[in-house]
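Coordinate analysis (summary)
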Amino acid sequence: MAGKAAAPSTAVLLVTANVGSLFDDVVHTHKPHFMALHCQEFGGKNYEASMSHVDKFVKELLSSDAMKEYNRARVYLDENYRSQEHFTALGSFYFLHESLKNIYQFDFKAKKYKKVTGKEIYSDTLESTPMLEKEKFPQDYFPECKWSRKGFVRTRWSVADCAFDLVNIHLFHDASNLVAWETSPSVYAGIRHKALAYVLDRIIDQRFEKVAYFVFGDFNFRLDSKSVVETLCTKATMQTVRAADTNEVVKLIFRESDNDRKVMLQLEKKLFEYFNQEVFRDDNGTALLEFDKELCVFKDRLYELDISFPPSYPYSEDSSQGKQYMNTRCPAWCDRVLMSPSAKELILRSESEDKVVTYDHIGPNVCMGDHKPVFLAFRMTPGAGKGHTHVPKCCVVQ
């Protein structure tokens, strides 16, 4: 035998896609050995009508030519929309390349790792599936939403002698632009913080050994609305429009002090119409990142690579308007891939390779629903997860 050669690293691709957007180009570009796709609102927002098409779509995806080299897969779909108590509309897909050997998934009930073989699809009653943990957030987290589908699904894997959790998450949205504008931070930011803190506490509690974790999905993080509006409309005057019968504020109109009183911004419950959308696209919206503050609360618990892509939401759903934002919400980086401090140790940063780690969005010029998918591509160092007990050693790409 030849002398010892460095064990090859494992290419990992993590993708978050609200409303089930797909990721064909990014797969061909990064050629991952292990790929995870986290969908929120699986089946679309009209899931009652669309869910009947989901099973056919999933089977066609698993058998497609684009995925023919991925000979093992695990798919977890929360399709049980008739269960108000449990339904989250989350869909988690995991694909394993044929060259990847001895991959294990954790059984939370047996508290043991099991080798992954074949392709399996689980749906409807995910609560009884021991290979994951799933929870829907309690209704009292966001009482003004009559039936929230927000929650999380957690799976645990052992790849290249590294153990890690992958958490698919969907946090609460902003119900009203007018309410979000009232305080800094907004009341909705506080609701999201509560839910995310619950998830983080849950995945590091005493029931199981602690491992590195990646949390990716639709966090619904929004820019600090009050600060954004005040900055965008620094030299504007505000007009308040009230409902005639209740005197409730229903619209705010910001006009330039001069320049013929040009309207700069109109704000309603579900309207955020700013006269110049380019501010959200120029230099990938970098000037607005200072207002992206919601992750600061978790700075000691969650790490994120630098954002260098424009806000991922809310894009037009008109197929001819791939770059255009809808005038419903202030554009924001809702879709993220976050990780625990220890998860950074699993990422290989090789001096001999340029841009080993990529954090970006998919389809900048293509309509992919109101969210642009966001992905993290990296290479995992063999054995970087050593120190975690009960994780079987495994070989990687041969």
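Here goes a summary of the coordinates provided. (Residues numbered from 1 in each chain as written. Predicted model: local features only at pLDDT ≥ 70, side-chain atom pairs only at ≥ 80, totals over all residues. Heavy atoms only, no water.)

**Describing unusual backbone geometry**
Note: most peptide bonds trans; most residues except glycine with negative phi. Following serine 184, the chain continues to proline 185 via a peptide bond in cis, the omega torsion being -5°. Tracing the chain through its elements places proline 185 in the loop between helix 3 (177–182) and helix 4 (187–203). Omega for the bond connecting tyrosine 313 with proline 314 falls within 30 degrees of zero, at 0°, which places this linkage in the cis form. One non-glycine residue, glutamate 41, adopts positive backbone phi at about 55°. (Helix = DSSP H or I, 4+ residues; strand = E, 2+ residues; numbered from the N terminus.)

**So, the environment of asparagine 168**
Checked against the element boundaries, asparagine 168 lands in strand 10 (residues 162–170). Taking the relative accessible area as the measure of exposure, asparagine 168 reaches 0% and is therefore buried. Separated by 13 residues in the primary sequence, asparagine 168 and threonine 155 place their C-alpha atoms 8.6 Å from one another. Ignoring sequence-local partners within four residues, the contact set of asparagine 168 consists of His38, Cys39, Gln40, Leu90, Gly91, Ser92, Gly151, Phe152, Val153 and Phe216. A polar contact is formed between the side chain of asparagine 168 and the backbone oxygen of cysteine 39, at a distance of 3.3 Å. (Buried < 20%, exposed > 50% of the residue type's maximum accessible area, 1.4 Å probe, protein only. Contact = heavy atoms within 4.5 Å. Polar contact = N/O pair within 3.5 Å; in protein donor to acceptor, adjacent residues only side chain to side chain.)

**Some details on the packing of aromatic side chains**
The final tally for this structure, using the stated rule, is 29 aromatic pairs. Their ring planes at 45° and their centres at 6.4 Å tell us that phenylalanine 42 and phenylalanine 57 sit as a pair that is tilted. With a gap of 15 residues between them, phenylalanine 42 in the loop between strand 2 (34–40) and helix 2 (47–62) and phenylalanine 57 in helix 2 connect regions that are remote in the sequence. Residue classification places phenylalanine 42 among the buried residues on the basis of a relative accessible area of 5%. Classification of phenylalanine 57 as partly exposed rests on a relative accessible area of 30%. (Phe/Tyr/Trp six-rings, centres within 6.5 Å; stacked < 30°, edge-to-face > 60°.)

**Focus on the sheet that holds strand 14 (residues 263–268)**
Across the sheet, which stays open at both edges, the four strands sit in the order 12-13-14-15 with antiparallel pairing between neighbours. Both edges of this open sheet fall to strand 12 (236–242) and strand 15 (271–274), since each of them pairs with a single strand only. Strand after strand, the sheet turns through a mean of 15° between neighbouring axes, direction not considered. The sheet contacts of helix 5 (residues 225–232) involve strand 13 (249–256), strand 14 and strand 15, and relative to strand 15 the element is tilted by about 25°. (Pairing = 2+ DSSP bridges. Axes fitted to C-alpha atoms, helices over the stretch in contact; angles between N-to-C directions.)

**Observations concerning the pattern of salt bridges**
If you walk through the whole model with that rule in mind, you get 20 salt bridges. In this structure, aspartate 201 engages arginine 301 in a salt bridge whose closest nitrogen and oxygen atoms are separated by 2.9 Å. With a gap of 100 residues between them, aspartate 201 in helix 4 and arginine 301 in the loop between helix 6 (278–281) and strand 16 (335–339) connect regions that are remote in the sequence. When the shortest N-O distance is used, the salt bridge between glutamate 304 and arginine 336 registers 2.9 Å. Of the two residues, glutamate 304 sits in the loop between helix 6 and strand 16 while arginine 336 sits in strand 16, which places them 32 residues apart along the sequence. Accessibility expressed as a relative area gives 1% for arginine 336, which makes it buried. (Salt bridge = Lys/Arg side-chain N within 4 Å of Asp/Glu carboxyl O.)

**Some points on the pairing of strand 14**
Across four bridges, the pairing between strand 13 and strand 14 is antiparallel. Note on strand 14: the bridge partner recorded for phenylalanine 254 is leucine 265. Hairpin remark: strand 13 followed by strand 14, antiparallel, with six residues in the connecting loop; positive phi at asparagine 259, about 55°. Sheet topology note: the strand 14/strand 15 ladder contains four bridges and is antiparallel. Opposite leucine 265, over in strand 15, you have tyrosine 274 as the bridge partner. Where strand 14 hands over to strand 15, the hairpin turn is made up of two residues, counted between the paired strands.

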